[in-house]
Amino acid sequence: MPPSAEFPINILGISSMLLIISLSFILMLKSQRIQQLSQTMRYLKKSLEEMDEQAKLIVRTDLKLNKAQEELDKRVNGLYAMQRISQELSKTLNQDEIFRRINQEHITNIGFQKAIIVAKNVQGTLQIRHSTGFNEEETSYIEAGLIEKGIYAMVKEYNSTFSSISEADTLRKAKHIITAITHLDSFVLSPISKKDGYYGFILLSNSSAETLVSEGDEELVAILATHIGQALDNAELFEATYSQHQELERNVLARTKELSDALNEINVISKRKTDFVSAVSHELRTPLTSIKGYASILLSEKLGVIPEPVKERLGKINKHSDELTRLVNDLLDIARIESGRFEMKSELFDIRHAVETTIDLLSPQLKEKSITATMNLPQNLSLALADKTQISRVFINLMGNAIKFVPEKTGLISVSAFESTDTIQITISDNGIGMSPTDTEHIFDEFYRVDNDINQKVKGTGLGLTLVKNIIRAHKGRIWVASRLNQGSAFSFTLPKAAQTPLESAKNT
Ligand code: ADP
């Protein structure tokens with residue numbers, strides 16, 4: 001075989017081989033590519049399925065979010081409405097008014113259409129205290145039904161808010177009764193409690209079953225029930241405080257009347273006493289005058305000489321009738337001033353002059369005890385407006401007492417004065433035996449005398465200070481004493497001040 005003929009055959013064979021190899025290689029590559037593509041396809045399909053799931057989830061979440069938003073809006077609105085109801089409730093302190101203030105608008109604003117409040121009234125009878133959204137006929141039918149079926153007691157026992165969607169087994173009967181009687185498929189019921197316990201309940205509802213209640217509604221109605229309970233507590237507290245106040249006022253009025261009656265009675269008795277003392281004193285004066293007169297005539301021996309022992313006894317009769325006359329006169333003056341029959345003169349009264357005169361008048365007693373009385377009066381002391389004769393009696397009484405109760409030789413008596421805008425205060429103080437607090441309390445009472453050594457020796461009536469007190473009071477002044485046992489006493493009194501100064505008065509006279 002010639003090489004030239006073999007050569008093309010070989011070339012063809014080789015080429016074919018190469019072609020086959022190339023094709024196989026290409027095929028292999030293609031198949032690999034196809035495998036890769038189908039894998040990618042599978043992957044893409046899975047991704048698509050996942051994306052679809054996620055899209056569905058997003059839609060579901062979005063729906064849920066919208067619902068939650070709606071619920072949230074409803075609750076926020078409900079809470080706003082609740083705040084307004086709460087404000088309304090806090091404006092009244094009357095129990096019935098509290099119920100009346102929960103009106104249809106409030107109920108609508110918290111997302112309901114109808115409301116009923118059941119509670120016991122003052123007589124303890126169960127009744128519907130308030131209803132909105134029901135007509136009268138429905139209200140009385142529901143009232144009768146709820147009471148008859150014992151809903152009040154069931155709510156009391158369950159003691160918590162529940163609604164038509166509550167699932168507790170214990171509520172099945174109560175829910176069934178409420179739906180049957182009220183024809184309400186959708187409702188929330190919450191017990192109302194006061195400080196002293198369960199009071200009643202509030203029932204809120206929607207007339208159609210489509211408007212389903214939610215847990216948020218239950219919370220809202222529970223808040224409303226709490227507010228009503230608090231408002232009722234406040235009203236009750238107010239009523240209790242008010243009635244206590246009224247009671248107190250009635251007691252005060254009754255007590256005031258009792259006191260005023262007692263005062264009137266005292267005044268009547270006091271007037272009777274004054275009239276009696278006055279009448280007796282008057283009656284005593286005439287025989288006393290004649291006793292004293294006869295004693296004086298006999299003592300003067302104009303009717304004949306009398307033996308010495310008789311003279312001595314007549315002297316005693318004379319002295320005692322003088323004392324008795326003074327007592328009767330004091331009693332008469334006290335009675336006259338007390339009854340207002342004695343009119344005090346309003347004269348310009350020079351205190352310094354009055355004190356000097358009194359010291360002068362009492363100088364024998366001062367000398368007898370070897371003591372002196374001093375005057376501490378301010379220069380240009382204003383004049384007082386007073387009855388000269390009567391205020392002189394006051395000075396004589398108070399200074400006379402001071403002399404009586406200070407010790408001999410070491411006794412000190414001083415008269416001082418101090419003036420304010422309208423009054424002059426005069427104080428007569430001494431370092432005498434003083435008095436206990438119990439005695440100072442009664443010192444101005446009629447016939448009161450302290451039980452001490454001096455009083456047992458020196459006679460007295462216990463009328464002097466009563467007279468002094470009456471004279472000062474008749475001048476619209478005050479009188480009081482500050483005293484300490486064994487240390488001394490200070491009697492003070494006030495007199496009205498005259499507009500004129502002593503100098504002006506001297507010029508006028
Ligand atoms: P009398 O002087 O007639 O007893 P008074 O009414 O003047 O009556 O006084 C009543 C009593 O007050 C006196 O008995 C005396 O015990 C007491 N008393 C009055 N002034 C003083 C005084 N300056 N110091 C102590 N006791 C006094």
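Residues numbered from 1 in each chain as written. Predicted model: local features only at pLDDT ≥ 70, side-chain atom pairs only at ≥ 80, totals over all residues. Heavy atoms only, no water.

**What to know about the overall build of the protein**
A count of helices and strands for the protein gives 15 helices and 12 strands. Its C-alpha atoms give the protein a radius of gyration of 57 Å, clearly above 23 Å, the size a compact globule of 509 residues would have. For the protein, the C-alpha atoms occupy an extent of roughly 225 × 75 × 50 Å along the three principal directions. Counting over 509 residues, the protein shows a buried share of 34%. Taking as baseline every contact in the protein between residues at least 6 positions apart, the subset at least 24 positions apart corresponds to 66%. For the protein, the distance from the average position of its 59 positive side-chain charges to the average position of its 64 negative side-chain charges is 6 Å. (Helix = DSSP H or I, 4+ residues; strand = E, 2+ residues; numbered from the N terminus. Rg over C-alpha atoms; globule rule 2.2 N^0.38 Å. Buried < 20%, exposed > 50% of the residue type's maximum accessible area, 1.4 Å probe, protein only. Contact = heavy atoms within 4.5 Å. Lys, Arg positive; Asp, Glu negative; His and termini not counted. Charge placed at Lys NZ, Arg CZ, Asp CG, Glu CD.)

**Points about helix α9 (residues 351-361)**
Here α9 has its buried residues at I351, A354, V355, T358 and I359. The buried residues of α9 all sit within an arc of 130° when viewed along its axis, so they share a single face. Residues of α9 that are exposed and angled more than 90 degrees away from the buried face: H353, D360 and L361. The opening residue of α9 is D350, an N-cap whose side-chain oxygen sits 3.2 Å from the backbone nitrogen of R352. (Arc of directions from axis to C-beta. Polar contact = N/O pair within 3.5 Å; in protein donor to acceptor, adjacent residues only side chain to side chain.)

**Quick look at the packing of aromatic side chains**
Within this structure, the stated rule accounts for seven aromatic pairs. Aromatic side chains F238 and Y242 sit 5.9 Å apart centroid to centroid with 20° between the ring planes, which places their arrangement in the stacked category. Of the two residues, F238 and Y242 both sit in helix α7 (residues 215-300), four residues apart, roughly one turn of that helix. Cluster of aromatic residues (ring-pair linked, three or more members): Y158, F162 and F187. (Phe/Tyr/Trp six-rings, centres within 6.5 Å; stacked < 30°, edge-to-face > 60°.)

**Quick look at the side chain of T139**
As for its position among the elements, T139 is in helix α4 (residues 136-148). For T139, a relative accessible area of 16% corresponds to the buried category. Leaving out residues up to four positions away in the same chain, T139 has contacts with I128, S131 and F134.

**Brief notes about the domain arrangement of the protein**
Parsing the protein into structural domains produces domain 1 (14-76), domain 2 (88-243) and domain 3 (347-508). Using only C-alpha atoms to locate each centre, domain 1 and domain 3 end up separated by 125 Å. (Domains from an automatic or database assignment.)

**Here we look at a positive patch on the surface**
A cluster of like positive charges, contributed by R313, K316, K319 and K459, occupies part of the molecular surface. In this fold, K319 is placed in helix α8 (residues 308-338). (Patch = residues over 30% accessible without salt bridge, like charges linked within 9 Å, V, L, I, M, F, W, Y side chains within 5 Å. Areas by Shrake-Rupley, 256 points an atom, 1.4 Å probe, with all protein chains shown as cover. Salt bridge = Lys/Arg side-chain N within 4 Å of Asp/Glu carboxyl O.)

**Examining the sheet that holds strand β9 (residues 412-419)**
Strand order in the open sheet made by the five strands is β7-β9-β10-β12-β11, with mixed pairing throughout. The sheet is open, and its two borders are formed by β7 (372-376) and β11 (479-484), each paired with just one other strand. Strand-to-strand, the axes of this sheet are offset by a mean angle of 15°, without reference to chain direction. The pairing of β7 with β9 spans five bridges and is classified as parallel. Bridge pairing in β9 places T372 opposite L412. Of the strands in this sheet, β7, β9 and β10 (423-430) touch α9, which is tilted by about 175° from β7. Contacts from helix α14 (residues 464-474) reach β11 and β12 (488-496), with the element oriented near 30° to β12. (Pairing = 2+ DSSP bridges. Axes fitted to C-alpha atoms, helices over the stretch in contact; angles between N-to-C directions.)

**Here we look at the packing of α7 against α8**
α8 packs onto α7 with a crossing angle of 155° between their chain directions and a minimal axis gap of 8 Å. Taken as axis vectors, α7 and α8 run roughly antiparallel relative to one another. Classified by chirality, the crossing of α8 by α7 is left-handed. Broken down by class, the residue content of the contact of α7 with α8 amounts to 14 nonpolar, 10 polar and six charged. (Parallel < 35°, antiparallel > 145°, perpendicular 65-115°, else oblique. Left-handed = near helix turned anticlockwise from the far one by under 90°. Nonpolar A, V, L, I, M, F, W, Y, C, P; charged D, E, K, R; others polar.)

**With respect to unusual backbone geometry**
At N380, a residue that is not glycine, the phi angle is positive and equals roughly 55°. Residue placement: N380 occurs in the loop between β7 and β8 (384-386). Taking the relative accessible area as the measure of exposure, N380 reaches 59% and is therefore exposed. A positive phi angle is found at N486, which is not glycine, with a value near 65°.

**Details of the site of the ligand**
Inspection of the region around the ligand gives 19 residues, with N401, R449, N455, T461 and L465 positioned closest. Note that an oxygen atom of the ligand is positioned 3.3 Å from one of the backbone N or O atoms of V450. At 3.4 Å from a nitrogen atom of the ligand is found a side-chain nitrogen or oxygen belonging to S489. When the ligand is considered free in solution it has 530 Å² of accessible area, and contact with the protein chains removes 97% of it. The set of elements that each furnish at least two residues to the shell around the ligand consists of α11 (388-405), α14 and β12. Each residue belonging to the shell around the ligand can be placed in one class, and the counts come to nine nonpolar, seven polar and three charged. (Near = heavy atom within 4 Å.)

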